[in-house]
Amino acid sequence: MRSWWWKILGIIMCLYVVVAGFLMPVPRLDILNETIRNLYFHVPMWFTMIVLYTAAFYYSIKYLRTGDLRDDIRAVQFTNTGIMFNILGYVTGMEWAKFTWGAAWVPDPKLLGAAMSMLIYFAYSILRSGLKDDEKKAKIGAVYNVFAYALMIPLLLILPRMVDSLHPGNGGNPAFAKYDLDSDMRMVFYPAVIGWNLLGAWIATLKIRLELVRYRQENKSAFGFDFENK
Amino acid sequence: MAKRTLTTIFLLLITAIAANAQPEMADKLRADGKIYVVVMVLATIFAGIFTYLVILDRKISKLEKEGK
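Draft legend 1. Fine view of the packing of aromatic side chains. Enumeration over the complete set of coordinates arrives at 14 aromatic pairs over all chains. On the numbers, 5.9 Å between centres and 5° between planes, the contact of Tyr59(A) with Phe78(A) is stacked. On the criterion of sequence distance, the pair formed by Tyr59(A) in helix H2 (residues 39–66) and Phe78(A) in helix H3 (residues 69–100) is long-range, its members being 19 residues apart. Judged by relative accessible area, Phe78(A) falls into the buried class, the value being 10%. Put simply, the rings of Phe22(A), Phe41(A), Trp196(A), Phe46(B) and Phe50(B) pair up and form one aromatic cluster.

Put into structure tokens, the structure is as follows:
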């Protein structure tokens, strides 16, 4: 049994968000109406994705420094879980946009940046599956991951802020933080971000632990002894 | 002239009323108490997903112990 406290915290936060997210008062705004509650679910997807991609970035650099294949496993699984949250964020964004901006896909710089960074991370998986040799796969994958991260940050966080965008907080658009996100919403939004991040980290660590067990068993059977076991 | 002033006042009044109107929210759903049904369904789904994750976590812990 590993440390469970943060998993339990994640469960409590997410359940709180589901209950409070629908029952707490929200500001009455035109166009958005009740869909403003999507903020508790759509935005944390992206935050979680960025945190998971950051972890993958960290382990990619660590792999390049140490050459330990277990760090490569961590980088891959963090990226995979990040891609899942990326897709969830994109699809929920399209659903939300359909009913507030009028179309599932509008030519918005933030959407373009998100689409590009999503494709860049898809290419990471494709690139890896195209390489046979494990060492080569890990090394090229790690270098590519660093490159992908270095593109994702400006595409999602910097470039959309330099031009006009429909998204709040970009261009001339006011952020939720200015006046829309009142103290009632903060009470739910911050736990939502923490809860979803913990949930994402939990899913990622489950996959990592499974892959590490598999890695250890493969090495055991190949060499007859368990040299990775400390 | 008086007619035009009256029209202007009338238009101003209408604009003021329109500006004061609240955006439409799902107040009826809340008044009915049906929102609790939605919350219950979602809480059930989340509880199910979390139970599943806990079971997975324990299974992987067992695998890790066996491998050692």
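Draft legend 2. Main features of the nonpolar core. In this structure, Tyr40(A), Met49(A), Phe78(A), Met152(A), Trp196(A), Trp202(A) and Phe50(B) are the most contacted members of the largest nonpolar core, which totals 70 residues. At the level of elements, helix H1 (5–23), H2, H3, helix H4 (109–129), helix H5 (134–162) and helix H7 (183–223) of chain A together with helix H3 (35–67) of chain B are the ones that each hand at least two residues to this core. Ignoring any residue separated from it by four or fewer positions in sequence, one finds Phe78(A) in contact with Leu52(A), Ala55(A), Ala56(A), Tyr59(A), Ala204(A) and Ile208(A).

Draft legend 3. View of the interface of chain B and chain A. Taken together, the contact pairs 27 residues of chain B with 31 residues of chain A. Together chain B and chain A conceal approximately 2,800 Å² of surface at their shared face, both sides included; 67% is due to carbon and sulfur atoms. For the pair chain B and chain A, the interface holds four salt bridges. For the salt bridge of Arg30(B) with Glu34(A), the shortest nitrogen-to-oxygen distance reads 3.0 Å. Counting across the chain B and chain A interface gives nine residue pairs in polar contact (both at pLDDT 80 or more). Those elements that place two or more of their residues in the side of chain B that touches chain A are helix H2 (27–32) and H3 of chain B. Top element by residues in the side of chain B that touches chain A is H3(B). It accounts for 19 residues.

Draft legend 4. Layout of H5(A). All names here are of chain A. Over its 29 residues, H5 runs 41 Å from end to end, which matches the ideal 42 Å to within 8%, given 1.5 Å per residue. The principal kink in H5, of about 35°, is found at Leu155. Among the residues of H5, Ala138, Gly141, Ala142, Tyr144, Asn145, Ala148, Tyr149, Met152, Leu155, Leu156 and Pro160 are the ones counted as buried. Along its buried surface, H5 packs onto H2, H3 and H4.

Draft legend 5. Quick peek at the packing of H3(A) against H5(A). Residue and element names in this part refer to chain A. At a minimum axis distance of 10 Å, the contact between H3 and H5 shows a crossing angle of 50°. The pairing of H3 with H5 is recorded here as oblique in orientation. For the element pair H3 and H5, the recorded crossing hand is left-handed. In this structure, H3 contributes Leu69, Asp72, Ala75 and Thr79 to the contact, and H5 contributes Asp134, Glu135, Ala138 and Asn145. Grouping the constituent residues of the contact of H3 with H5 by class yields three nonpolar, two polar and three charged.

Calculation criteria
- Residues numbered from 1 in each chain as written.
- Chains lettered and ligands numbered in written order.
- Predicted model: local features only at pLDDT ≥ 70, side-chain atom pairs only at ≥ 80, totals over all residues.
- Heavy atoms only, no water.
- Phe/Tyr/Trp six-rings, centres within 6.5 Å; stacked < 30°, edge-to-face > 60°.
- Helix = DSSP H or I, 4+ residues; strand = E, 2+ residues; numbered from the N terminus.
- Buried < 20%, exposed > 50% of the residue type's maximum accessible area, 1.4 Å probe, protein only.
- Core = buried A, V, L, I, M, F, W, Y, C linked by side-chain atoms within 4.5 Å.
- Contact = heavy atoms within 4.5 Å.
- Buried area = accessible area lost by both parts, 1.4 Å probe.
- Salt bridge = Lys/Arg side-chain N within 4 Å of Asp/Glu carboxyl O.
- Polar contact = N/O pair within 3.5 Å; in protein donor to acceptor, adjacent residues only side chain to side chain.
- Expected span 1.5 Å × (residues − 1).
- Bend = angle between axes of the 7 residues up to and from the residue.
- Axes fitted to C-alpha atoms, helices over the stretch in contact; angles between N-to-C directions.
- Parallel < 35°, antiparallel > 145°, perpendicular 65-115°, else oblique.
- Left-handed = near helix turned anticlockwise from the far one by under 90°.
- Nonpolar A, V, L, I, M, F, W, Y, C, P; charged D, E, K, R; others polar.

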